[in-house]
Amino acid sequence: MRKIVLLRHGESAWNKENRFTGWTDVDLTEKGIAEAEKAGETLKEYGFNFDKAYTSYLKRAVKTLNCVLDKMDLDWLPVEKNWSLNEKHYGDLQGLNKAETAGKYGEEQVLIWRRSYDIAPNPLSESDLRNARFDYRYHEVPDAELPRTESLKDTIERIMPYWESDIFPNLKTAHTLLVVAHGNSLRGIIKHLKHISDEEIVKLNLPTAVPYVFEFDENLNVSNDYFLGNAEEIKKMMEAVANQGKKK
Ligand SMILES: O=C(O)[C@@H](CO)OP(=O)(O)O
């Protein structure tokens, strides 16, 4: 049985402060580290063993992966990092508090910015120092490919070439792959794997650091998918993520 496990990073400093994060490279909180360690312990308990892992260029995902591998005694595992797995770029919303933004522009508008399929927030200006073109880690990425903002559709279009060329084909030879990324970059991958419609994807909110397992049949079609953990707790975590965009 071939499997891919998708894992959102543990709680970050800006998750805790309820700020739009996107490509901002914020660290994990203590709670985030504990969540990542628990994910590693859970995967070990369920007997998972990975052939290869993938993550983004953002430290909240990289450090989550490292905690998981440490807990599983898989520190040796080959890991590939790629900027294509970065979070959806949140444009000029990055840094703003989500509840305050809902107070200013309305909850409906915030839901559109957070969860709609093809509407992106306003872009960062070219001179804004937060623009990825000023960040050395992206120096090999052609400027035209570096986002200034993204909708989920843009994020999916950025991830899919990497998914199709580097991640998914490895399932032919590997049994189990691990992808540690972000709430929206993973929503994009899940939309693709489960053929979720543009309307339905609005409702999907991913909890931090809960392993989401996809099983594939011999033709590499998805045969089953499930979260590892307590269903009630996971539901509550998903609702809490959805509520981050509500006014206080
Ligand atoms: O701020 C962000 O980058 C994302 C993920 O943490 O948040 P949201 O759930 O609002 O898309």
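Residues numbered from 1 in each chain as written. Predicted model: local features only at pLDDT ≥ 70, side-chain atom pairs only at ≥ 80, totals over all residues. Heavy atoms only, no water.

Draft legend 1. The packing of aromatic side chains, seen in detail. Applying the stated criterion across every chain, the model contains 11 aromatic pairs. Geometrically, the ring pair formed by Tyr54 and Tyr162 is edge-to-face, given 6.5 Å between the ring centres and 75° between the ring planes. Residue Tyr54 is located in strand β2 (residues 52–55), and its partner Tyr162 is located in helix α6 (residues 152–167); the two are separated by 108 residues in the primary sequence. Of the two residues, Tyr54 and Tyr162, neither departs from the other in class, the shared state being buried. Within the aromatic cluster, the residues linked to one another by ring pairs are Trp23, Tyr57, Trp83 and Tyr138. (Phe/Tyr/Trp six-rings, centres within 6.5 Å; stacked < 30°, edge-to-face > 60°. Helix = DSSP H or I, 4+ residues; strand = E, 2+ residues; numbered from the N terminus. Buried < 20%, exposed > 50% of the residue type's maximum accessible area, 1.4 Å probe, protein only.)

Draft legend 2. Molecular detail of helix α2 (residues 30–45). For α2, built from 16 residues, the straight-helix expectation of 22 Å at 1.5 Å per residue is met to within 8% by its first-to-last C-alpha distance of 23 Å. Phi turns positive, to about 80°, at Gly47, one or two residues after α2. (Expected span 1.5 Å × (residues − 1).)

Draft legend 3. A look at the site of the ligand. As a matter of local geometry, the ligand sits amid Arg8, Asn15, Arg19, Phe20, Thr21, Gly22, Glu87, Tyr90, Lys98, Arg114, Arg115 and Asn184. Asn15 places a side-chain nitrogen or oxygen 3.2 Å from an oxygen atom of the ligand. A distance of 2.7 Å separates an oxygen atom of the ligand from a polar side-chain atom of Arg115. Protein chains bury 99% of the 310 Å² of accessible surface belonging to the ligand in isolation. In terms of residue class, the shell around the ligand is made up of two nonpolar, four polar and six charged. (Near = heavy atom within 4 Å. Polar contact = N/O pair within 3.5 Å; in protein donor to acceptor, adjacent residues only side chain to side chain. Areas by Shrake-Rupley, 256 points an atom, 1.4 Å probe, with all protein chains shown as cover. Nonpolar A, V, L, I, M, F, W, Y, C, P; charged D, E, K, R; others polar.)

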